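Single-letter residue listing:
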Amino acid sequence: YLRKNVLNSDNKQKRQSYFCIGNLSKNLKSKEMFHFLMNRLTIEKDEDVQTTILTAVTKIEKDLDYKLDAIFDILKYGNINLKTSAAIALQNTNNQLVEDKLLESLQFENNRQLHKMIAATLRDIGTPKSIPILENKLKSGEGIDYKYFIENAIMEINKRNKYCG
């Protein structure tokens, strides 16, 4: 029913359906539903619908065999709002390529809001290789909230590494 509703409905119904599919995918640990959402992410052109899909996949545990190319493309080529949503959507991943893509975006993008969301994701998935780039952003960054996100990411990565190493 949800898949049919996505194909034959207005954007409001699409957003509701995508959100439901995302929750089902998370709760059922369904890789098939996740990949359906990634396919739709490449097809949908409405920014609100794309943002809903990105939000819907954020809490899904995404292992190595989950295809994330649609999110990577938005992180690289989307507008700033979609890039920010893509950075958040990459939380809960177990894929080294995600950290590389986030660090690349952190280095080449100038938007502070995007930097904060990348730092928030790196806080949970980053490794020690993120620290020099985050420290560089910390030196050049201004604002209490900006520094908080960067410092928090560095602290959590160090804490995780200390207990793992």
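Residues numbered from 1 in each chain as written. Predicted model: local features only at pLDDT ≥ 70, side-chain atom pairs only at ≥ 80, totals over all residues. Heavy atoms only, no water.

Trainee: Got a sec to walk through the environment of Leu82? Specific residues and values, please.
Mentor: Relative to the helices and strands, Leu82 resides in helix α6 (residues 80–89). A relative accessible area of 6% means that Leu82 is categorised as buried. With 32 residues separating them along the chain, Leu82 and Leu114 place their C-alpha atoms 9.7 Å apart. (Helix = DSSP H or I, 4+ residues; strand = E, 2+ residues; numbered from the N terminus. Buried < 20%, exposed > 50% of the residue type's maximum accessible area, 1.4 Å probe, protein only.)

Trainee: Describe the pattern of salt bridges, listing the residues and the values that go with them.
Mentor: Two side chains with opposite charge may pair up if their charged atoms get near one another. Overall, the coordinates contain nine salt bridges when judged by the stated rule. For Glu104, the salt bridge goes to Lys76, with nearest N and O atoms at 3.9 Å. One end of the pair, Glu104, is in helix α7 (residues 96–108); the other, Lys76, is in helix α5 (residues 69–77), with 28 residues separating them in the sequence. Classification of Glu104 by relative accessible area gives partly exposed; the value is 34%. Residue Lys76 is classed as partly exposed on the basis of its relative accessible area of 47%. Residues Asp124 and Arg123 are paired through a salt bridge, measuring 3.4 Å at the closest nitrogen-oxygen approach. (Salt bridge = Lys/Arg side-chain N within 4 Å of Asp/Glu carboxyl O.)

Trainee: Mind laying out the packing of α7 against helix α9 (residues 131–140), listing which residues take part and the relevant values?
Mentor: Their axes nearest at 11 Å, the elements α7 and α9 cross at an angle of 25 degrees. Considering their axes alone, α7 and α9 lie roughly parallel with respect to each other. Where α7 crosses over α9, the handedness of that crossing is left-handed. Counting all contacts with α7, which are made through Leu103, Leu106 and Gln107, the residues of α9 involved are Ile133, Leu134 and Lys137. Grouping the constituent residues of the contact of α7 with α9 by class yields four nonpolar, one polar and one charged. (Axes fitted to C-alpha atoms, helices over the stretch in contact; angles between N-to-C directions. Parallel < 35°, antiparallel > 145°, perpendicular 65-115°, else oblique. Left-handed = near helix turned anticlockwise from the far one by under 90°. Contact = heavy atoms within 4.5 Å. Nonpolar A, V, L, I, M, F, W, Y, C, P; charged D, E, K, R; others polar.)

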